[in-house]
Amino acid sequence: MNNLSRKGLLMSALICGNLFIGGTTVFAEEIGDYQLDEMVVTATRTEESNIKVASVVSVITADDIKKKNILTITDALKEVAGIYDGRPGGMSDTANGIQMRGFGEADILVLYDGMPLNDGFNGKADWSVIAIDDVKKIEVLQGAASSLYGGHAVGGVINIIGKSPDKDHVHAYAKYGSDKTKKQGINLSKKLSDKWSMGLGYENKETDGHYKKLIYKYAYKAKDKPGNPDKIGTGAILNQHSNGRDMYILGNPGGGRSEDDTYNFKLQYKFNDAQSLTYRYTHDKYKYFATDPETFIKDSQGNKMFEGSVLLPNGKYLDFNEYDFTDYDGRRTTDRHALAYKDTANKIDFKLGVTNVKDFGYATGDDLAGQGGGYDTNYPNKTYKADFQKVWEGSKNNIVVGFDIEKGSMDYSQSYLEHWGDKDSANYLYYTMGGTNLVGAVFVQDAIKLSDVYSLDLGLRVDYYQKKDGYYNEHGKDNIERPTEKYTELSPKVAFRYMPDDDTTYYASYGHSFNPPTLYQLYRSNSSFEANPDLKPETTDTVEVGLKKQFSPKLYSSLSVYQAKSKDLIDYDYLDNGKKQYMNLSSVKRQGIELMLDYKMDDKFSTFANLTLQNATDDTTGSKLYSIPKQILKAGLKYNYGDVSAYIDGQYVSSRTYDGQISGKLYSDDAFFTADAGINYKFMKNATLSFAVNNIFDRDYWQWYKAAGRSWILGVDFDF
């Protein structure tokens, strides 16, 4: 969709807003600030007051998202205690992910309207598939949750709940900021009758991104003679790699450009006030690539050079070519279908869905024009899921019973491209591999009221897991079929709660969780990797104690202390033949403390702060896991009065560099402190103007890649 079409779409939304909703102007539904007595569903699969559940649950509302000019879901999670956002590329970041309590994305179950966002390839979440304006609420459950949710739910669950289409509403918005960052879209919902309602949505996000990578050559690779005597330049910059080696910087591959278009359709039928059936469809097309590569090397005439030899100050030469300046040209196209039946009278929920990531991969090649040869790697995957639960509420027992069926498949291929800029120019298939996994599970949980102040939660889930249909096919060789494997995993959980009054909850819990190997880990096989279909699931035992306390109507605090011991963690190691293979190698112990504080000063000002102290060690070697920050501190001040709201937030994350690694250099993981601020002004009854600045102090640091410097974004929202 071109820019003119997008502008026309937004203008049409503004013009037809009153017509669409029947000629009457109404205000958007206001979702209030986070309240401690808010009902949450993720912790127990039933509605329960947040302060009463035996775990840490953080809530982010649509109003929070709107007031902070948030562009992505991971931006919305930055305030949450225990979460580290390791995605320095923001909207255009696909290589990195988030952590929760030291667990990576494959160990965090991410749900969107009940359907998993963890893909069938490597288990990481597909954040781009969600239009941020479609989000009603995000619940973040920290800690073991496999007793209710099965695999992936090791570090916790991020439950993203979409907006319902059952109100007449039009929302149109447009934002523009640094690095040509744009976000624009519309959301329309219409109550067609007493029974039927419908919603439509479109969101476009684009950015040129910042320059986050470097083109470099190690100094020790310099030669006495140039590889191309006719093309000699100068300008290489001597620097140091984070590993301590001297290197020469030749330039960078350009900004991290991304383009993302997301379409939503919703249709809801209400049988009566208690029973409803809702269908949701999402189509997302995302692509990322580098723009405007930069070279520091120039010839004697001052012309920029992307190939040749560079003369170094010591009289030696480093050879380079256009391939050094190319970057990945990636894409992902996703279709999601979700059907949800809800019966509040009989406490029944049933969800059925499919996520089809039908084009997922990247191309890379030899030249900047994309006309030379190259390679295309593609790993489409598909997930089917059915989830049913029934709740019985009694005076002494609240019982949840349900089943869960999930099937995932992945096909991985690598092809040679005649013109790497055209993925349809493939003329040689190197190899294909893939497989299927099938999970069937039943679960039960009983919240037992022992007395007026004591409660006991007992939960158990049984997962039957099967990996099958594994294959590997290399060009010119016979197809290799992988063996079928089966196993069963029991995931119990026990939680004890002491609630001396309505404002206080002490709790202690134990939970066993697991994560099966991804299809990529099971079946990866090529010239450098050998498949291992015998991989076992990773298992984790988590113990947690905590306190939640509402000291007054203005002051709330919580404290949690946890330890998680993981066994059979999967990583790769080298075989005798020189190839790598994923294996169950190590055991890891994670320990942490989380302290959270919310204080409402008066009707205008409120503040929050949370501190996470954590440590992770490899029990096999006794060494520290450096990728997990030991300290995370977050704090902020919010102002809300009349037509104006504003905020300022700060975040400190400790260093993740390993012993001997140099901070502030390429591929280091530095300690950093950043501050963000923003303001919103409602200048008309249906219109709000917003402005935000991120990384106010323009901190310079690395999160493996170069993190973004100071940036700004200006936006306008219209509600009808």
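These remarks concern the structure in this document. (Residues numbered from 1 in each chain as written. Predicted model: local features only at pLDDT ≥ 70, side-chain atom pairs only at ≥ 80, totals over all residues. Heavy atoms only, no water.)

1. Details of the overall build of the protein
So, point 1. What the protein contains, in helices and strands, is five helices and 42 strands.
So, point 2. The C-alpha radius of gyration of the protein comes to 26 Å, within 12% of the 27 Å expected for a compact globule of 720 residues.
So, point 3. Taken over 720 residues, the protein has a buried fraction of 53%.
So, point 4. Here the contacts in the protein between residues at least 6 apart in sequence split such that 66% fall between residues at least 24 apart.
So, point 5. Taken as a whole, the protein presents about 31200 Å² of accessible surface, with 53% of it coming from carbon and sulfur.
So, point 6. On the protein, the mean spot of the 86 positive side-chain charges and the mean spot of the 98 negative ones are 2 Å from each other. (Helix = DSSP H or I, 4+ residues; strand = E, 2+ residues; numbered from the N terminus. Rg over C-alpha atoms; globule rule 2.2 N^0.38 Å. Buried < 20%, exposed > 50% of the residue type's maximum accessible area, 1.4 Å probe, protein only. Contact = heavy atoms within 4.5 Å. Areas by Shrake-Rupley, 256 points an atom, 1.4 Å probe, with all protein chains shown as cover. Lys, Arg positive; Asp, Glu negative; His and termini not counted. Charge placed at Lys NZ, Arg CZ, Asp CG, Glu CD.)

2. Points about the nonpolar core
So, point 1. Core analysis: the biggest nonpolar cluster contains 24 residues, and Ile73, Leu77, Ile138, Ile158 and Ile160 have the highest contact counts within it.
So, point 2. Tyr379, Met410, Tyr431 and Ile570 belong to the second largest nonpolar core, which has 20 residues in total. (Core = buried A, V, L, I, M, F, W, Y, C linked by side-chain atoms within 4.5 Å.)

3. Some points on the pairing of strand 21 (residues 317-320)
So, point 1. Direction of pairing for strand 20 (residues 308-311) relative to strand 21: antiparallel, over a ladder of four bridges. In the sheet register, Val310 faces strand 21, and the bridge partner there is Leu318.
So, point 2. Between the antiparallel neighbours strand 20 and strand 21 lie five residues, among them Gly315 with a positive phi of about 85 degrees. (Pairing = 2+ DSSP bridges.)

4. Remarks on unusual backbone geometry
So, point 1. Although it is not a glycine, Asp113 sits at a positive phi angle of roughly 55 degrees.
So, point 2. On the secondary structure map, Asp113 appears in the loop between strand 6 (108-112) and strand 7 (115-116).
So, point 3. Using a relative accessible area of 16% as the deciding quantity, one classes Asp113 as buried.
So, point 4. A positive phi angle, near 55 degrees, is found at Asp179, a position not held by glycine.

5. Some remarks on the packing of aromatic side chains
So, point 1. Counting across every chain of the model gives 39 aromatic pairs.
So, point 2. When the centroid spacing of 5.6 Å and the interplanar angle of 25 degrees are considered together, the rings of Tyr218 and Tyr220 count as stacked.
So, point 3. You can call Tyr220 exposed: its relative accessible area is 54%.
So, point 4. When the ring of Tyr412 is compared with that of Tyr431, the centres are 6.2 Å apart and the planes differ by 15 degrees; the resulting orientation is stacked. With Tyr412 in strand 26 (residues 397-417) and Tyr431 in strand 27 (residues 426-449), the pair connects residues that are 19 residues apart, well separated along the chain. Judged on exposure class, the residue Tyr412 and its partner Tyr431 are both buried.
So, point 5. Ring pairs connect the aromatic residues Phe121, Tyr328, Phe360, Tyr362, Tyr379, Tyr412, Tyr431, Tyr472, Tyr520, Phe529, Tyr572 and Tyr582, which therefore count as one cluster. (Phe/Tyr/Trp six-rings, centres within 6.5 Å; stacked < 30°, edge-to-face > 60°.)

6. Regarding the side chain of Thr539
So, point 1. For Thr539, the position within the fold is in strand 32 (residues 538-550).
So, point 2. Each residue touching Thr539, except ones within four places of it in the same chain, is listed here: Glu489, His512, Ser513, Phe514, Lys565, Ser566 and Lys567.

7. Notes on the sheet that holds strand 14 (residues 232-233)
So, point 1. Read from one edge to the other, the open sheet built from three strands follows the order 14-20-21, with strand pairing classed as mixed. Where the open sheet ends on each side, the last strands, each with one partner, are strand 14 and strand 21.

8. Notes on the environment of Asp541
So, point 1. By the element assignment, Asp541 lies in strand 32.
So, point 2. Between the C-alpha atoms of Asp541 and Gln563, which are 22 residues apart in sequence, the distance is 8.2 Å.
So, point 3. If we ignore the near neighbours within four places in the chain, the residues touching Asp541 are Tyr510, Gly511, His512, Gln563, Ala564 and Lys565.
So, point 4. Polar side-chain contacts of Asp541 include one of 2.6 Å to the side chain of Tyr510.
So, point 5. For Asp541, the side chain forms a polar contact with the side chain of His512, separated by 2.9 Å. (Polar contact = N/O pair within 3.5 Å; in protein donor to acceptor, adjacent residues only side chain to side chain.)

9. A word on the sheet that holds strand 6
So, point 1. Ordered by their spatial adjacency, five strands build an open sheet running 3-8-9-6-7, and the pairing between neighbours is mixed. With partners counted over all chains shown, the strands left at the sheet margins are strand 3 (56-61) and strand 7, one partner each.
So, point 2. Where strand 8 (residues 135-142) and strand 9 (residues 156-162) come together, seven bridges link them in antiparallel fashion. Counterpart to Val140 in the pairing with strand 9 is Ile158.

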